[in-house]
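Architecture and fold: a report
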Amino acid sequence: MFAVYAESFSTDDPLSGLVVGERPDPVAPDGWTTVTVKAASLNHHDLWSLRGVGLKEDALPMILGCDAAGLDEDGNEVVVHAVVSDPGWRGDETLDPRRSLLSERHQGTFADRVVVPRGNVVPKPASLSFEEAACLPTAWLTAYRMLFTQGGLKAGDTILVQGAGGGVATALIALGRAAGLRVLATSRDEGKRAKALELGAHEVYESGARLPVKVDAVMETVGRATWSHSVRSLRPGGRIVISGTTSGPRLDDAELTRIFFLQLSVIGSTMGTRDELASLVTMLDATGLRPVIDRVVPMTEAREGFAAMAAGEVFGKVVLTR
Ligand SMILES: NC(=O)c1ccc[n+]([C@@H]2O[C@H](COP(=O)([O-])OP(=O)(O)OC[C@H]3O[C@@H](n4cnc5c(N)ncnc54)[C@H](OP(=O)(O)O)[C@@H]3O)[C@@H](O)[C@H]2O)c1
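Residues numbered from 1 in each chain as written. Predicted model: local features only at pLDDT ≥ 70, side-chain atom pairs only at ≥ 80, totals over all residues. Heavy atoms only, no water.

Time to look at the overall build of the protein chain. Looking only at helices and strands, one finds nine helices and 18 strands in the protein chain. Computed over its C-alpha atoms, the radius of gyration of the protein chain comes to 19 Å, within 12% of the 20 Å expected for a compact globule of 322 residues. Along the first, second and third principal axes, the C-alpha set of the protein chain runs to 55 × 45 × 40 Å. Intrachain contacts of the protein chain at a sequence separation of at least 6 include 70% that bridge at least 24 residues. When the 33 basic and 40 acidic side-chain charges of the protein chain are each reduced to a single mean position, those positions are 6 Å apart. (Helix = DSSP H or I, 4+ residues; strand = E, 2+ residues; numbered from the N terminus. Rg over C-alpha atoms; globule rule 2.2 N^0.38 Å. Contact = heavy atoms within 4.5 Å. Lys, Arg positive; Asp, Glu negative; His and termini not counted. Charge placed at Lys NZ, Arg CZ, Asp CG, Glu CD.)

Below is the structure:
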């Protein structure tokens, strides 16, 4: 079948290991189902995979892609949940130490077909297109959990979203606004700041700019480049919810003194549960809110989407269609 996969790793030139070609048809083990992919979306995770982060050499070649929407074996429209937990695991699957994301241990979604555990499909409402639904399982689910589960945020709270243009960041802005939060956002790019305002941010600032108010919580996915600013932007007792480190994980100054003196909390967040994905789908169906899509390209043109993401030239999600 047609597939977009990683053949090798390169830290400096991740696209050198990307192949747009053919892979064997997947075989669904017992308890698993085959989903015919209609649309999939790109995540920074796919670039990390091509750099050899989170993916082992002996797993190559590996079909990339965590997110998909398509048809199950009975022709029902479904959204694929990307977190695969151990069959014996009960409870929150993001806490399963043996969990993996599609494209880490099991083949990913950038293909004609993907096999997933039967429990890993969520019905897709007719109100969402396949392209829109394909944006939800990673970036939007991560944003949902950061705000409402790990962040414990409620209407009227003020948040700062760092790096406004990213897939997770645009989801944070849109979901936060829809949930009644006051949303401040930063971006390095003037054009992205303007788009963030259109998307629902109340105020936008250059990365690192001093804010006129201290916020209740910061949503971090950028890491090294914004960490110090995130800590300095919080009110006493505030919290940083972090789910990514796009600019790198190492810090010159972790601002530890400020963290203890102002009694700040640092809370990690990873993906979300199947139930949270179902709630997110319901929220979009009920509110009319839709994912921000930077571009839709045929899966055969996947390299173009990867290149745009690697260059930081996207605002929202890159969707690949079959
Ligand atoms: N833990 C999880 O479950 C989970 C789930 C999804 C994503 N993630 C992680 O979250 C991060 C974001 O993912 P994504 O798919 O949203 O990526 P993305 O679409 O590529 O967005 C990354 C954003 O980070 C900002 N950025 C990058 N380098 C920067 C720098 N040097 N200084 C300031 N801002 C910078 C950019 O914002 P501006 O250009 O607007 O400044 C960019 O738009 C990734 O590291 C990913 O691995 C984790």
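This brings us to the packing of aromatic side chains. By the definition in use, this model includes two aromatic pairs. Seen in terms of ring centroids, Phe 110 and Phe 306 are 6.2 Å apart; in terms of plane orientation they differ by 85°. Their pairing is edge-to-face. Here the residue Phe 110 occupies a position in the loop between β8 (100–101) and β9 (113–117), and Phe 306 occupies one in helix α9 (residues 302–310), the gap between them amounting to 196 residues. Taking relative accessible area as the criterion, Phe 306 reaches 1% and is therefore assigned buried. Taken together, a centroid distance of 5.1 Å and an interplanar angle of 70° make the contact between Tyr 144 and Phe 148 edge-to-face. One end of the pair, Tyr 144, and the other, Phe 148, are both in helix α3 (residues 136–150), four residues apart, so they sit about a helical turn from each other. Assessed through its relative accessible area of 25%, Phe 148 is described here as partly exposed. Here the basic side chain of Arg 51 rests over the ring of Trp 48, its NZ or CZ set 5.4 Å away from the ring centre. (Phe/Tyr/Trp six-rings, centres within 6.5 Å; stacked < 30°, edge-to-face > 60°. Buried < 20%, exposed > 50% of the residue type's maximum accessible area, 1.4 Å probe, protein only. Lys NZ or Arg CZ within 6 Å of the ring centre and 35° of its normal.)

A few words on helix α8 (residues 274–287). An α-helical segment advances 3.6 residues per turn. Residues three or four places apart therefore align on the same side. For α8, with 14 residues, the first-to-last C-alpha span of 20 Å sits near the 20 Å given by 1.5 Å per residue. When we look at burial in α8, the residues that qualify are Glu 276, Leu 277, Leu 280, Val 281, Met 283 and Leu 284. The arc that holds every buried residue of α8, seen down its axis, measures 155°, which confines them to one face. Summarising the geometry of α8, the exposed residues directed more than 90 degrees from the buried face are Asp 275 and Ala 286. On the buried face of α8, the contacting elements are β6 (77–80), β10 (121–123), α3 and α4 (167–178). Just downstream of α8 lies Gly 288, where phi reads positive at about 85°. (Expected span 1.5 Å × (residues − 1). Arc of directions from axis to C-beta.)

What follows is about the sheet that holds strand β2 (residues 18–22). With respect to topology, three strands assemble into an open sheet ordered β2-β1-β4, the strand pairing being antiparallel. Bordering the open sheet on either side are β2 and β4 (62–63), each of which pairs with just one other strand. The pairing of strand β1 (residues 2–6) with β2 spans five bridges and is classified as antiparallel. In the sheet register, Tyr 5 faces β2, and the bridge partner there is Val 19. (Pairing = 2+ DSSP bridges.)

Before going further, it helps to examine the sheet that holds strand β16 (residues 265–268). Within the open sheet, the six strands sit side by side as β13-β12-β11-β14-β15-β16. Their pairing is parallel. A single partner strand is all that each edge strand has here, and the edge strands are β13 (203–206) and β16. Pairwise comparison of adjacent strand axes, ignoring direction, gives a mean angle of 20° for this sheet. Against the sheet, α3 touches β11 (158–161), β14 (215–220), β15 (234–242) and β16, its axis set at about 150° to β14. Sheet strands touched by helix α5 (residues 190–199): β12 (182–187) and β13. Its angle to β13, the strand with the most contacts, is close to 165°. (Axes fitted to C-alpha atoms, helices over the stretch in contact; angles between N-to-C directions.)

Applying the stated criterion across every chain yields a total of zero disulfides. Unpaired in terms of disulfides, Cys 66 finds its nearest cysteine sulfur in Cys 135, a separation of 13 Å. On the basis of relative accessible area, Cys 135 is assigned to the buried category, the value being 0%. (Disulfide = S-S within 2.5 Å.)

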